[in-house]
Amino acid sequence: MDAIDFQLIEAIQNGLPICSRPYLQLGKGLSLSEQQVIDRLAALRQQGLVKRLGVIVNHRQLGYRANAMVVLNIPDYNVAEVGGQVSQFSFVNLCYQRPRQGDRWPYNLYFMIHGKSRGRVLNQLDHLLETCSLKQMAREVLFSKQCFKQRGALYKQAPEQII
Amino acid sequence: MDKLDQLIINQLQDGFPIVDSPYRQIAEQLNITEDLLLQRLQQLLDNGILSRFGPMYHAEKMGGALTLAAVKVPEENFEQCCEVINAFPEVAHNYQRDHVLNMWFVLATETPEQITDVIRQIEQQTGLEVFNMPKVNEYFVGLKLEA
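No experiment lies behind these values; they were computed from the predicted model shown.

Cut-offs and rules
Residues numbered from 1 in each chain as written. Chains lettered and ligands numbered in written order. Predicted model: local features only at pLDDT ≥ 70, side-chain atom pairs only at ≥ 80, totals over all residues. Helix = DSSP H or I, 4+ residues; strand = E, 2+ residues; numbered from the N terminus. Rg over C-alpha atoms; globule rule 2.2 N^0.38 Å. Buried ≥ 20, exposed ≤ 12 C-beta atoms within 10 Å, placed from the backbone. Domains from an automatic or database assignment. Contact = placed C-beta atoms within 7 Å. Pairing = 2+ DSSP bridges. Arc of directions from axis to C-beta. pLDDT = per-residue confidence, 0-100. Core = buried A, V, L, I, M, F, W, Y, C linked by C-beta atoms within 7 Å. Axes fitted to C-alpha atoms, helices over the stretch in contact; angles between N-to-C directions. Parallel < 35°, antiparallel > 145°, perpendicular 65-115°, else oblique. Nonpolar A, V, L, I, M, F, W, Y, C, P; charged D, E, K, R; others polar.

**A closer look at the overall build of chain B**
The helix and strand inventory of chain B stands at 5 helices and 6 strands. Reading chain B from its N terminus to its C terminus gives the helix and strand order α-α-α-β-β-α-β-β-α-β-β. The globule rule puts the C-alpha radius of gyration for 147 residues at 15 Å, and the 20 Å found for chain B is more than 25% above it. Oriented by its inertia axes, the alpha-carbon framework of chain B measures out at about 55 × 35 × 25 Å. Counting the 147 residues in chain B, one finds 33% classified as buried.

Below you can see the structure in the form of structure tokens.
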């Protein structure tokens, strides 16, 4: 990644132009041809620096008001396998292993379910736990009550989708 | 939001092509004109149904760092503590959750060292212990929400 890639990333971080030839438009501000913009963006995506281009929805506006973070304590030897199983469910949005915080917070597998109601989310979770034989595992379900801050991704900073 | 808006949202959550005329390509797949797509997309952004249209970066590959952190905030200090934490530009988002660990936020910094630094500052300013839970493994990231 070179200085021009950084300029390109900076130019698109607030959004792609909404016009017939967006990459031509972007190139104008950077003294790049349309093809150069396309090649560079494709390379950034290929290298995984840009995970994807597309839209991020405002999930509350779409009616997804119940957002549950589920945490489980899974033995370390098994966590990758369980993480893989959990990720197969279409209603699971994100799934990560994170470090336990001692006895006070002994959970190491985290996943999110975004749904339109708490009841529905809890039913989905119940189905998942049953199917994966996880009902006996220590767990907690934390619904979000309020979102205080949610900013867009700046290239030096966070994507929306981490918790 | 009508049926067409829903189709557009669902289609664009799967990704956006990197070709000369990407909107035309999407419009053809949806069987509508490019102009109509551009117009609807702009509307969806203007009215806040879409929060963003653009790239999702891989923060760590870009040299940056991310972590998920949480604090147990006493009820009576909640608002004040929220203000202190949100004032940090490194706090990308912050959710209240119904648990004793009631405030959950994501830190995003330009370098991994800054995570430790910001956590220390938050602990100093709030007097609370910050639980730091950076990801160890990522099994799935696919936040597609059917419209």
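**Let's talk about the domain arrangement of chain B**
Per the domain assignment, the segments making up chain B are domain 1 (3-46) and domain 2 (65-133). The C-alpha-based centres of domain 1 of chain B and domain 2 of chain B are spaced at 37 Å.

**Points about the interface of chain B and chain A**
The partner chain A presents 67 residues to the 63 residues of chain B that form the contact. Here the side of chain B that touches chain A gets 8 residues from one element, more than from any other, and that element is strand S1 (residues 50-57) of chain B. Direction of pairing for strand S3 (residues 92-97) of chain A relative to strand S6 (residues 137-141) of chain B: antiparallel, over a ladder of 4 bridges. Among the inter-strand pairings, A:Leu94 is bridged to a residue of S6(B), identified as B:Val141.

**Topic: helix H2 (residues 22-30) of chain A**
Turning to H2(A), its buried residues number three or more, namely A:Pro22, A:Tyr23, A:Leu26 and A:Gly27. Buried residues of H2(A), viewed axially, fall in a sector of 135°; they line one side. On its buried face, H2(A) sits against helix H1 (3-12) and helix H3 (34-46) of chain A together with helix H2 (22-30) of chain B.

**Digging into the domain arrangement of chain A**
Splitting chain A by domain gives domain 1 (3-46) and domain 2 (66-143). Centre-to-centre separation of domain 1 of chain A and domain 2 of chain A, based on C-alpha positions: 38 Å.

**Looking at the pairing of strand S3 (residues 91-97) of chain B**
Residues and elements named next belong to chain B. Among the 7 residues that make up S3, 5 are buried, leaving the element largely enclosed by the rest of the structure. Sheet analysis places S3 next to strand S4 (residues 103-109), joined by 5 bridges and oriented antiparallel. For His-93, the partnering residue across the bridge sits in S4 and is Val-106. As consecutive antiparallel partners, S3 and S4 are separated by 5 residues.

**Observations regarding the environment of A:His114**
Relative to the helices and strands, A:His114 resides in strand S4 (residues 109-115). Excluding residues that lie within four positions of it along the chain, A:His114 makes contacts with A:His59, A:Tyr64, A:Asn67, A:Asn93 and B:Leu145.

**Let's talk about the confidence of the model for chain B**
Summing up the model confidence of chain B, the mean pLDDT is 91 and the portion of residues at 70 or higher is 99%. If you check the scores for this complex, the pTM reads 0.82 and the ipTM reads 0.82.

**A short note on the nonpolar core**
Formed by 52 residues in total, the largest nonpolar core has its most connected members in A:Val37, A:Val55, B:Ile9, B:Phe105 and B:Leu107. At 6 residues, the largest contribution of residues to this core is made by S4(B). What B:Leu107 contacts, discounting residues up to four positions off in sequence, is B:Leu66, B:Thr67, B:Ala69, B:Glu90, B:Val91, B:Ile115 and B:Val118. If you look at the next biggest cluster of nonpolar residues, it comprises 20 residues, including A:Val92, A:Met112, A:Ile113 and A:Val121.

**Considering the confidence of the model for chain A**
Averaged over all residues, the pLDDT of chain A is 88; the fraction at 70 or higher stands at 90%. In this model, residues 152-163 of chain A is a region of pLDDT below 50 whose contacts with residues beyond four sequence positions or in other chains number 41 contacts.

**Observations concerning the environment of A:Val121**
Residue and element names in this part refer to chain A. Among the structural elements, Val-121 can be located in helix H5 (residues 118-131). In this structure the C-alpha to C-alpha distance between Val-121 and Arg-21, which are 100 residues apart in sequence, comes to 41 Å. Once you skip the residues sitting within four places of it in the chain, Val-121 turns out to touch Ala-66, Ala-68, Ile-113 and Gly-115.

**Side note on the packing of H1(A) against H3(A)**
Residues and elements named next belong to chain A. Between H1 and H3, whose axes approach to 11 Å, the crossing angle comes to 90°. By the criterion of interaxial angle, the relationship of H1 to H3 is roughly perpendicular. Contacts between H1 and H3 involve Ile-4, Asp-5 and Leu-8 on the former and, on the latter, Val-37, Arg-40, Leu-41 and Leu-44. Classifying every residue of the contact of H1 with H3 by side-chain character gives 5 nonpolar, no polar and 2 charged.

**Looking at unusual backbone geometry**
Residues and elements named next belong to chain A. Located in the positive-phi region is Ser-133, a residue other than glycine, with phi close to 55°. On the secondary structure map, Ser-133 appears in the loop between H5 and strand S5 (139-150). For Ser-133, a count of 10 C-beta atoms within 10 Å gives the class exposed.

**Let's talk about the environment of B:Gln125**
Relative to the elements of secondary structure, B:Gln125 occurs in helix H5 (residues 112-126). Taking the C-alpha atoms as reference points, B:Gln125 and B:Cys81, separated by 44 residues in sequence, lie 8.8 Å from one another.

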